[in-house]
Amino acid sequence: MKTALITGAARGIGLSTARAFASAGFRILSLDRQFKSQEEEIIGERIDFDLRDTAQIPALIASLGEIDTLVNNAAVLYCDPMEQIPDE
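Rules and cut-offs
In this numbering scheme, every chain counts its residues from 1 along its sequence in written order. Given that this is a predicted model, residues contribute local features only at a pLDDT of at least 70 and side-chain atom pairs are listed and counted only at 80 or more, while totals for whole chains, interfaces and linings are drawn from all residues. In computing side-chain values, all of the structure's heavy atoms are included and hydrogens and water are not. Aromatic rings from Phe, Tyr and Trp, taking only the six-membered ring of Trp, are treated as a pair when their centres fall within 6.5 Å; an angle between ring planes under 30 degrees marks them as stacked, one over 60 as edge-to-face, and anything in between as tilted. Pairing between strands is defined by DSSP: at least two bridges between the two strands are required. Only DSSP runs of H or I covering at least 4 residues are called helices, and only runs of E covering at least 2 are called strands; the numbering of each starts at the N terminus. To obtain an axis, a line is fitted to C-alpha atoms, over the contacting stretch when the element is a helix, and the angle between two such axes runs from 0 to 180 degrees between their N-to-C directions. Every residue pair with non-hydrogen atoms within 4.5 Å of one another is taken to be in contact. One speaks of a salt bridge when a side-chain nitrogen belonging to Lys or Arg is within 4 Å of a carboxyl oxygen belonging to Asp or Glu. When accessible area is computed with a 1.4 Å probe and restricted to protein chains, residues below 20% of their type maximum are described as buried, those above 50% as exposed, and intermediate ones as partly exposed. Here, nonpolar core refers to any group of buried Ala, Val, Leu, Ile, Met, Phe, Trp, Tyr and Cys residues whose side-chain atoms link them within 4.5 Å.

**Some remarks on the packing of aromatic side chains**
Part 1: Within this structure, the stated rule accounts for one aromatic pair.
Part 2: Taking 4.9 Å as the distance between ring centres and 80 degrees as the angle between the ring planes, the aromatic pair formed by Phe21 and Phe26 counts as edge-to-face.

**Some thoughts on the sheet that holds strand β4 (residues 69–72)**
Part 1: The strand order across the open sheet built from four strands is β3-β2-β1-β4, with neighbouring strands paired in parallel fashion. Looking at strand neighbours, the two that pair on one side only are β3 (45–48) and β4, the edges of this open sheet. Taking each pair of neighbouring strands and ignoring which way they run, the sheet shows an average axis angle of 20 degrees.
Part 2: Where strand β1 (residues 3–7) and β4 come together, four bridges link them in parallel fashion. In the strand pairing of β4, Thr7 is matched with Asn72.
Part 3: Docked against the sheet, helix α1 (residues 12–23) engages β1, β2 (27–32) and β4, running at close to 170 degrees with respect to β1.

**Details of the pattern of salt bridges**
Side chains that carry opposite charge are capable of pairing whenever their charged atoms lie near each other.
Part 1: Throughout the structure, instances matching the rule amount to four salt bridges.
Part 2: For the salt bridge of Asp50 with Arg52, the shortest nitrogen-to-oxygen distance reads 2.8 Å.
Part 3: Of the residues examined, Arg52 reaches a relative accessible area of 52% and is grouped as exposed.

**Re the nonpolar core**
Part 1: With eight residues, the main nonpolar core is built from Ala4, Ile6, Ala9, Leu15, Ala18, Phe21, Ile28 and Ile43.
Part 2: Secondary-structure elements contributing two or more residues to this core are β1 and α1.
Part 3: Excluding anything up to four places from it in sequence, Ile6 contacts Gly14, Thr17, Ala18, Phe21, Ile28, Leu29, Ser30, Leu31 and Val71.
Part 4: Membership of the second largest hydrophobic core comes to seven residues, among which are Leu29, Leu31, Ile47 and Leu60.

**Quick notes on the pairing of β2**
Part 1: Burial within β2 is extensive, with five of its six residues counted as buried.
Part 2: Pairing geometry for β1 and β2, over five bridges, is parallel. Each residue of the ladder has a partner; that of Ala4, found in β2, is Ile28.
Part 3: Taken together, the four bridges between β2 and β3 define a ladder with parallel strand orientation. Bridge pairing links Ser30 to Arg46 in β3.

Remember, this is a structural readout, not a statement about activity or role.
Given below as structure tokens:
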């Protein structure tokens, strides 16, 4: 079975993407920095992680095993001028 890691999977486009991959037979790793509650719909395995903690990303990836597909749906909204947005 192929595995898909979907970031921003707690709601919206990420949740819909997780549903689509699950219906296609993928094992789903649903990652989000803040799932609203224990009762909300979670597709696959829940992974609580804040991607702004860039130093911990290698350890996270190492802990997840083989990933066939990454859907990087998570984002941080900045309204600053482009040159003022931090590289991290």
